[in-house]
Structures are given as structure tokens and as C-alpha cells.
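Observations on the model geometry
If you want the building blocks of each chain, they are given just below.
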Amino acid sequence: MLARHLNLLRAAADNVAARPGGYGLATLGLIASLTLLLAGVAISEGVRAEALASVDAGADIYVTGDAFGREAPLPRHWLDRFAELNGVRRVVPRIIGRLPLGDEIAVIIGVPREAVANANPPIVGRAPASEAEVLVGRVLADELGLRPGSRIALEGATSRVFTVAGIIDGTAALWSAKAVTCDLEEAAIVFGLRDHVTDACLDTRPGYADEVADAIEQWDEPLRVQTRTLVKTYVTRGMTIRGGLLALLCLVVLAGAIPAFAVTTYLGHVPRRREVALLKAEGWRTADVLEMVALENALVSFVAAGLAITLAWLWVRGLGAPIIAGFFLTDLPAFPEMRIPARFLPVPALLAIAFSLIVTMTGSIYTTWRTATARPGTALR
Amino acid sequence: MANGHRPAGDGVAMTDATRLEAITRRYPVAGGAGRFELSSTTLEIEAGSWTVITGPSGAGKTTLLQIIAGLDEPDAGRRWILGREVGPDAESTLALLRRERLGIIYQHDVFLEHLPVWENVSCRLVPAGVPARERRERARATLTELGLAGAADARPDVLSGGERQRVAVARALVGNPDLIIADEPTSQVDRETGALVVQALRRRHTAGTTVVLATHDPALMDAADRHLRLHAGGLADPGVTGAGS
């Protein structure tokens, strides 16, 4: 009976095409909500993947000071003790803070210059050759009109003037987008941290990370130790909260879309009821009518989901995710000129199709059933 | 489909006749509810007959035709359509009967306005799985019989009232039905169109099709071999036999 199904599919397509007002409006509503959902999920997944990759590429252990249960600067004298622990290969001290720069808030990252060389980020210009030179993130450089050779002043506890040696390219990790990377000692001067750093990154030999972390914790000193596993947990939890907010938003949209679909598609309206009554009077069974309406819904769902997938891809990949990127990445402008990490996975695409099927099928089930099971004679009078 | 003899529910041999037994049905009329009642009578429409139903407005002509066509359900009583007993739960049976053996011309003009005429005419063939090309050919052949070959691809809303009525007749005839049920088929058309409709119905009747129609058109009444008059919710007709007789 393939011919029967094909006939019903064609009838369904004719019905959808014949009602551009109702079905068009319903489809546009679905496309809008699905595009938002898919773009959001893609960015969420991309940011999560990039964050986890950064954690993987980073240190094995991060140590900060602890004061009153909160993170605090780490006295420098601990750095030598960390380096003496069995299994520790390298200790990289960092000073990280925020300072106003022009109309922006810049993230200041002070690290030993050799650590920058080791990280080897993609740079337009060159790496700093002295403590008087810095690297600037792409977004910050664009916002402030900076380029290699420009001069900037960091004004904290002490003011220091630096020369921009290079711009960290826009394809680099998004964490560097608004960063100013400078020499550790210069950052210490700017922030007034003569005897402290904000944290220490410990690289360990394979298999020693937990042992080193345990050893530091057993000193029973005001130190806070975070292993790579723990940092990954924090990153994942942070993205899950944002993803959950997005899912909540989608649930609200879903709740509103179902009755909206029922109203806009005219399934319960008199002309449509008369059409269905005519079909039944001409020998269509209730099952035939239900299948035709289900196929109408499926067509709308697949078209809406297909267009939403395309539009989400264009929004994120083609346009750089304007507006929505700021929901997942704080401090981004509405129209970011940097690469926004995004991953378009098959599961969200399938979920989008399922989402639209739920909306269309649920939105039409009552009116369709009522129309399809009514006595045709009543509607044809 | 050829008319023939079929077994009836109670082991009684029954032809392809349509039979209503002790039927009661309340129905809406302007200003209240009407009541159609054959509670003490049995109405039998012989296969191959031409039956005309007349009566004043609100007498229940449309209700009676809809019960015969299976478009409406009686509140009480038994019903056989083309020799087959059809109860209130026989939705699939009724659908199949209407699709394969009945042709219905409705009182009001009702179409799938977004589809071309040929799709309207052949819409009963869609769930039967008849391919589009064959549906189109069969619709065109029936439309040609009614002088509407050129209108096959037009949409119903561009047709005149008379053309629309002929399309409605073509829709009833396309499946070569055994029973045609028509509700005032010529009431809203000019004399020329009415004549075309009458001709088409007569041709089918001559070929053995049973015709039941409600009308006040003399041309259709003249062809009748039986005349049922409805009044005050009941039948006043010498052809109606008492129950059990």
C-alpha cells in the first residue's frame, strides 16, 4: 500500500502549500525557536570542548592561597617547596587580574616570558622580547585600535607603560580575546603583589598528579589545590548551568508553541472541518485523515528543522554568532570579531526534529481527532 | 460494481437493497430540534430503482439521505446499505462503502478549494492508492461526460455555479457507484445545467445504478419509479410497508 501513503503525502503537501498563512506562521515560529536552540547548543558544546581542551593543555595542578575559605594570593616562598616535591617537573607562577583599559576591562595575565614562548600562541607581530612588551588579545586590540608598536598603560597599584609586541590572533582560544599578557614581575608591580602570585601551575610527571596534590594538602597550610580533573568538573558544571537555562527557555517556547500551532494551522476551523467532512463523506477513513494531518505536521517539522539547522549554522559560523555568543561568553560585544567556538553535532539536530514533531503533533492532536471523528453529515449541512 | 444478492445479518437472503428499519433520528432545524421517525415502518429501496423524496423544509429529507449514505447515524433502529447491515460502530465499513459503492451529491456546494477540479473529483481514490495519473484520467473522463473536460485543471473557485454543480455530480459518479444519493442536485443551477445533470443521472440509472434523491425538480421526479413524501417527521407513502410485513 505504498501508493496509498504516497497519495496521502501528496495530499498533505498540497494542504501545507495551500495554507501559507497558517502553516507559514507556524513554521516561522518553529524556525525561530529551533534556530535559537541549535545555535545555543552549538556554542555551548563548542565552548565546553574548547574549555576542556584548554584544561587538558594546561597544568596538572593549580595551587592558590586560601583565606577564610576563599581563594587568596599565594606567597612566593611556596613556589620552591612545590618544585621540590617528588614528581613535579615545572612550576609556573601567574598573576591574573582585571584592569580597566580604555572603555574595556582587560584581563591581565602575568607569566614568566619563557612560559609565553612555550605556549607558542598564534601571534600577529612577534612574541615579547623584553619585560616592557606585551601581547594583546584580538577583541581588545580591535576595540581599542591597538596594533604591534602601540603603547598602552596599565594602571593598578602602580602605572606601567608597555609596547604591544603582538596581537594574539582571533583564531586562538577565546580566553585570550580580552587578555593582556605581560611579564610576571611587571604584573606584580602593577598589582602591588611584591611577595605573592595569584596561583601556581604545576606540571607533574605522568601518574604523579594525585600524589603531588595529596602531598600539598597534607601540609595543612592555607593552600587550595585543584587538579585537572577538578577543574574539568567546574568547567562542565558552569556550561551545564548555561545549557540548562537555554533548555528552560526552550521549554517555555515549547509550551507556548503547542497551542499557537493549534490556532495558526486552522485545524479546528470551520472550513477545514468541512474539508475533512467532505473527505470522510467521500470514503476516507478516520485513519486516512489522521495520517494525512500527521504527514502535514511531519512536513512542517522537517522543513522547519532543516531551515533552522541551516540558519543556526549561518548565524554561528557565517556571522560569528552575534548577540547569542554573549550569553555563553561574558564580556563579548554584540558583534564579536573573533572565532566563536561551536560544534554542530547530530544529536541536537535530531532533537530539533523531535522538538518540532512534538510541537506540531501535540498542537494538532485534539483538533484533528475531533475533526476526524465527527459525523461528516453534521459538518456538511 | 454489479448489483447482486448478498446474505443479510439474520440469515435472511437480502438483495443489494437499502433498508431502514424502525429508524428514529432527532436533527437540528431552525428554531429547535426536529424528529424523523420511521419507528413502526420499514423503508426498503430496491436495487436499480429511482426513488424521489419530497417534503417541506425541515421535514427531514437531508437527514434521511444522510442516514442512507451513512453520513449520519440514527438514534435507534437498524440500517442496511446495499444489502449490508451497518451499525454505529462500523466506521471503516461505511468508509469503504462510500468510497467504492456510493456516490453522493451534497445539498451545499463543498469543495477542496485549494485543489484543481480533477483532484476534487477523484479525491475518493486517494486513500484507495490509485496513482495520480490514473486518478486524473478517470476524473477527466467523468468531467467530459458532463461537458467539463476543459475545467479539469481549474480551481473550483473560478467556476460558475452551474459548473461547480456539474463538478459535484462528476465527483459522485467517478467511482461508478451502485447507489447515487443526491440532495437537491438541480436546485441551484439553470435549466441547461439541470438538464445535463438529469441526463448524467439517467444514464447511470439505465446502466443499473440505484438513485435516491431529494428534489422538487419535475425532470427528476418524472424519472422516478417511486415517490416518498416526508411530512411532520414521518413518511406518507404508499410504497412504505409496515414493519414485519
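Right above here is the structure, for reference.
This section reports on the structure supplied with the text. (Residues numbered from 1 in each chain as written. Chains lettered and ligands numbered in written order. Predicted model: local features only at pLDDT ≥ 70, side-chain atom pairs only at ≥ 80, totals over all residues. Heavy atoms only, no water.)

Let's talk about the packing of aromatic side chains
All names here are of chain A. Rules: Only rings of Phe, Tyr and Trp enter the pairing, Trp through its six-membered ring, and a pair is recorded when the two centres are within 6.5 Å. The plane angle decides the type: under 30 degrees is stacked, over 60 is edge-to-face, the rest tilted. What counts as a helix is a DSSP run of H or I of at least four residues, what counts as a strand is a run of E of at least two, and both are numbered from the N terminus. Exposed residues in this analysis have more than 50% of their type's maximum accessible area, buried residues have under 20%, and partly exposed residues fall in between, with area computed by a 1.4 Å probe over protein chains only. Only Lys NZ and Arg CZ are tested; either one counts as a charge over a ring when it is within 6 Å of the ring centre and within 35 degrees of the ring normal.
The final tally for this structure, using the stated rule, is three aromatic pairs over all chains. Note on Trp 78 and Phe 82: the rings are 6.5 Å apart at their centroids and 15 degrees apart in plane angle, and the pair reads as stacked. One end of the pair is Trp 78 and the other is Phe 82, both in helix α3 (residues 77-84) and four residues apart, which spans about a single turn. Each member of the pair Trp 78 and Phe 82 is classed as buried. A centroid spacing of 6.0 Å and a plane angle of 0 degrees characterise the contact between Phe 82 and Trp 219, whose relative ring orientation is stacked. Linking Phe 82 in helix α3 with Trp 219 in the loop between α7 (209-217) and β13 (223-227), this pair joins segments that are 137 residues apart in sequence. Residue Phe 82 is classed as buried on the basis of its relative accessible area of 0%. Among the aromatic residues, ring-to-ring pairing joins Trp 78, Phe 82 and Trp 219 into one connected group. Directly above the aromatic system of Tyr 208 lies the positively charged group of Arg 205, at a separation of 4.9 Å from the ring centroid.

Here we look at the nonpolar core
To be explicit about the condition: Nonpolar cores were defined as sets of buried Ala, Val, Leu, Ile, Met, Phe, Trp, Tyr and Cys residues, with membership established by side-chain atoms within 4.5 Å. Any two residues having at least one pair of non-hydrogen atoms within 4.5 Å are treated as being in contact.
Membership of the largest hydrophobic core comes to 47 residues, with the highest contact counts inside it found for Trp 284 of chain A together with Ile 68 and Tyr 106 of chain B. Each residue touching Tyr 106 of chain B, except ones within four places of it in the same chain, is listed here: Leu 278, Ala 281, Glu 282 and Leu 380 of chain A together with Leu 71, Arg 171 and Asp 183 of chain B. Among the nonpolar cores identified, the runner-up in size contains 40 residues, and Val 139, Met 239, Ala 308 and Phe 355 of chain A belong to it.

Let's talk about the side chain of Arg 25 of chain B
All names here are of chain B. Which entries qualify depends on this criterion: We define a polar contact as two N or O atoms separated by no more than 3.5 Å, with the added condition that, inside protein, one atom must be a possible hydrogen donor and the other a possible acceptor, whereas residues neighbouring each other in sequence contribute only through side-chain atom pairs.
Turning to its location among the elements, Arg 25 is positioned in strand β3 (residues 18-29). Under the relative-accessibility criterion, Arg 25 is labelled buried at 12%. Separated by 3.0 Å, the side chains of Arg 25 and Asp 72 make a polar contact. Here Asp 75 takes part through its side chain, which lies 3.3 Å from a polar atom of the side chain of Arg 25.

Structural notes on the environment of Ala 17 of chain A
Locating Ala 17 of chain A in the fold gives a position in helix α1 (residues 2-18). Judged by relative accessible area, which is 62%, Ala 17 of chain A ranks as exposed.

What about the state of the cysteines?
All names here are of chain A. The condition that has to hold: Two cysteine sulfurs form what is called a disulfide whenever their separation falls within 2.5 Å.
Counting across every chain of the model gives zero disulfides over all chains. Its sulfur unpaired, Cys 182 is 15 Å from the next cysteine sulfur, which belongs to Cys 201. Judged by its relative accessible area of 10%, Cys 201 falls in the buried class.

With respect to the interface of chain B and chain A
Using the following cut-off: Buried area is calculated as the accessible area (1.4 Å probe) missing from two parts once they are joined, with the contributions of both summed. Throughout this description, the term salt bridge denotes a Lys or Arg side-chain nitrogen within 4 Å of a carboxyl oxygen of Asp or Glu.
Each side of the interface is counted separately: chain B has 36 residues, and chain A has 27 residues. At the boundary of chain B with chain A, total buried surface from both sides reaches about 2,700 Å², with 53% on carbon and sulfur atoms. Applying the counting rule to chain B against chain A returns five salt bridges. A salt bridge links Glu 91 of chain B to Lys 280 of chain A; the shortest N-O distance between them is 3.3 Å. Contributing elements (two or more residues each) for the side of chain B that touches chain A: β3, α1 (61-69), α2 (91-100), α3 (117-121) and α4 (132-145) of chain B.

Describing the pairing of strand β1 (residues 61-67) of chain A
Residues and elements named next belong to chain A. So the rule is basically this: Paired strands, in this sense, are two strands between which DSSP finds at least two bridges.
For β1, the buried fraction is high: five of the seven residues fall into the buried class. Note: β1 against β13, five bridges, orientation antiparallel. Pairing of Ile 61 across the sheet is with Thr 227, part of β13. Alignment of β1 against strand β12 (residues 199-204), held across three bridges, turns out to be antiparallel. If you follow Tyr 62 over to β12, its bridge partner there is Cys 201. Examined bridge by bridge, β1 and strand β2 (residues 70-72) share three bridges and lie antiparallel to one another. Within β2, the residue paired with Asp 66 across the bridge is Glu 71. Connecting β1 to the antiparallel partner β2 that follows it, the hairpin turn spans two residues, and Phe 68 within it adopts a positive phi of roughly 55 degrees.

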